[in-house]
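# Overview (structure and organization)
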Amino acid sequence: MKGMKTTMKMNGSHVVLSFVCLVLGFMLAFSYQMTKKETANRQLERQWNKEYEYRRQLIEQQEQNRKLQAQLFAKQQRVRAIEKELASEEQVYFNLVEDAERLRMYLGKVKVKGKGVEVTLADASYIPSEANATNYIVHEQHVFQVVNELWIAGASAISINGQRLSHRSYIVCNGPVIEIDGTQHPAPFVIQAIGDPNVLIPALTIAGGVKDQLTGDHIVVDIVEKSEITMEPLMQK
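In this text, all values refer to a predicted model and were calculated from it rather than measured experimentally.

Judged by nonpolar contacts, the single largest core of 24 residues is most densely connected at Leu 121, Val 143, Val 146, Leu 150, Ile 160 and Ile 191. Looking at this core, the elements that each hand over two or more residues are β1 (112-122), α2 (140-152), β2 (157-160), β5 (177-180), β7 (189-194), α3 (197-205) and α4 (210-216). Tallying contributions element by element places α2 first for this core, with 4 residues. Membership of the second largest hydrophobic core comes to 6 residues, among which are Val 110, Val 112, Ile 194 and Ile 229.

Next comes the structure, spelled out in structure tokens:
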């Protein structure tokens, strides 16, 4: 009887101990699951926070890129405007340089070279005995006719018997010779002009033009196209 009581007492203790172990195991399992869930939630929250931060940074970067792109576009527009201004100014300067060089050329300040024409005016080779010889020789007005027509036709430089003309040049008749800026030249008179021969020659040879008028005055006129004519600058006096 006593042994039975002892056995029953031990079984009761086992039951209590088992119950305690069961509760403890349940608590441990529950605690582990809660901890695991909490850890997962924290990881998920951290992941979400990272993604949110990345999205925020991406949005900020995109906004910054849009601002920079707008600034770049504005600067490009300004650069193009400046380039147009510089191109316009460069063209103006280039035109001024061209005008200055052309003016120096007309004034005889620089040496010039180019294609053109050569016009030779000579006295008539035959003078009738009863005629007045003065009517068969070259006068300054004949030279003037040729020179003026060449200037009008676009000649950039003109010389007579190698003497270059300027905007102040004068030509006068002095007996059998003509005087150009104080220097005397006998006939024949070789007039050279730098310019487009396709323009200068037709200007002289047009029907009823300078050549016909000179021929009518018994002047021998010879017009030749020249591939290259060189004229030295005028001597400074």
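What follows continues from the structure just given.
With respect to the secondary-structure elements, His 139 resides in the loop between β1 and α2. Ignoring anything within four residues of it in the chain, the contact list for His 139 reads Thr 134 and Cys 173.

This next bit is on the sheet that holds strand β8 (residues 220-231). Overall, antiparallel pairing links the 5 strands, which are arranged β3-β2-β7-β1-β8 in an open sheet. Every interior strand has two partners, whereas the edge strands, β3 (163-164) and β8, have only one. For β2 and β7, the ladder comprises 4 bridges, and the chain directions are antiparallel. Within β7, the position partnered with Ile 160 by the bridge is Ile 191. This element, α3, spans β1, β7 and β8 of the sheet and lies at about 20° to β1.

Moving on, we come to unusual backbone geometry. Following Ala 187, the chain continues into Pro 188 via a peptide bond in cis, with omega recorded as 0°. Here Asp 181, not a glycine, exhibits a phi torsion of approximately 50°, which is positive. Tracing the chain through its elements places Asp 181 in the loop between β5 and β6 (183-186). The backbone of His 218 sits at a positive phi, close to 70°, despite the residue not being glycine. Locating His 218 in the fold gives a position in the loop between α4 and β8. We classify His 218 as partly exposed; its relative accessible area is 37%.

Let us now look at the sheet that holds β6. A sheet is described by the order of its strands in space; here 3 strands give the open sequence β4-β5-β6, paired in antiparallel fashion. Looking along the sheet, the strands with just one partner apiece sit at the ends: β4 (171-174) and β6. Strand-to-strand twist of the sheet, defined as the mean angle between neighbouring strand axes without regard to direction, takes the value 30°. Two strands pair when backbone bridges link them, and β5 and β6 are joined in this way by 4 bridges, in the antiparallel orientation.

By the alternation rule, side chains of β2 split into Ala 157 and Ser 159 and Ile 158 and Ile 160, which are all buried. Pairing analysis gives 2 bridges linking β2 to β3, with the strands arranged antiparallel. By the bridge assignment for β3, Ile 160 is matched with Gln 163. In this structure, the hairpin formed by β2 and β3 is closed by a connection of 2 residues, where Asn 161 is found at a positive phi of approximately 50°.

Within β7, 5 of the 6 residues are buried, which leaves it mostly tucked inside the rest of the structure. Direction of pairing for β1 relative to β7: antiparallel, over a ladder of 6 bridges. By the bridge assignment, Thr 120 is partnered in β7 with Val 190.

Once that is clear, we can look at the packing of α2 against α3. Between two packed helices, both the angle of their axes relative to each other and the distance between the axes serve to describe the pair. Their axes nearest at 9 Å, the elements α2 and α3 cross at an angle of 135°. Considering the angle they form, α2 stands oblique to α3. Of the two possible hands of crossing, α2 and α3 adopt the one that is right-handed. Every residue of α3 that contacts α2 at Val 146, Glu 149 and Leu 150 is listed here: Leu 200, Ala 203 and Leu 204. For the contact of α2 with α3, a count of residues per class yields 5 nonpolar, no polar and 1 charged.

Procedures and definitions
As a convention, each chain's residues are numbered from 1 in the sequence order in which they are written. A pLDDT threshold of at least 70 governs which residues receive local features in this predicted model, and a stricter bar of 80 or more applies before side-chain atom pairs are shown or counted, although totals over entire chains, interfaces and linings include all residues. Water and hydrogen atoms were dropped before computing side-chain values, which therefore reflect all heavy atoms in the structure. Among buried residues, those of type Ala, Val, Leu, Ile, Met, Phe, Trp, Tyr and Cys that are joined through side-chain atoms within 4.5 Å constitute a nonpolar core. Three exposure classes are used, based on accessible area relative to the maximum for each residue type with a 1.4 Å probe and protein chains only: buried under 20%, partly exposed in between, and exposed over 50%. Only DSSP runs of H or I covering at least 4 residues are called helices, and only runs of E covering at least 2 are called strands; the numbering of each starts at the N terminus. Whether two residues are in contact is decided by their heavy atoms: any pair within 4.5 Å suffices. DSSP bridges decide pairing: two strands pair if at least two such bridges lie between them. The angle between two axes is taken between their N-to-C directions and runs from 0 to 180 degrees, where each axis is a line fitted to C-alpha atoms and a helix contributes only its stretch in contact. Any angle from 65 to 115 degrees is called roughly perpendicular, while one under 35 is roughly parallel, one over 145 is roughly antiparallel, and all others are oblique. Handedness of a helix crossing follows the sense of rotation of the near helix relative to the far helix, less than a right angle counterclockwise being left-handed and clockwise being right-handed. Side-chain classes follow a simple rule in which Ala, Val, Leu, Ile, Met, Phe, Trp, Tyr, Cys and Pro form the nonpolar group, Asp, Glu, Lys and Arg form the charged group, and the remainder, Gly included, forms the polar group.

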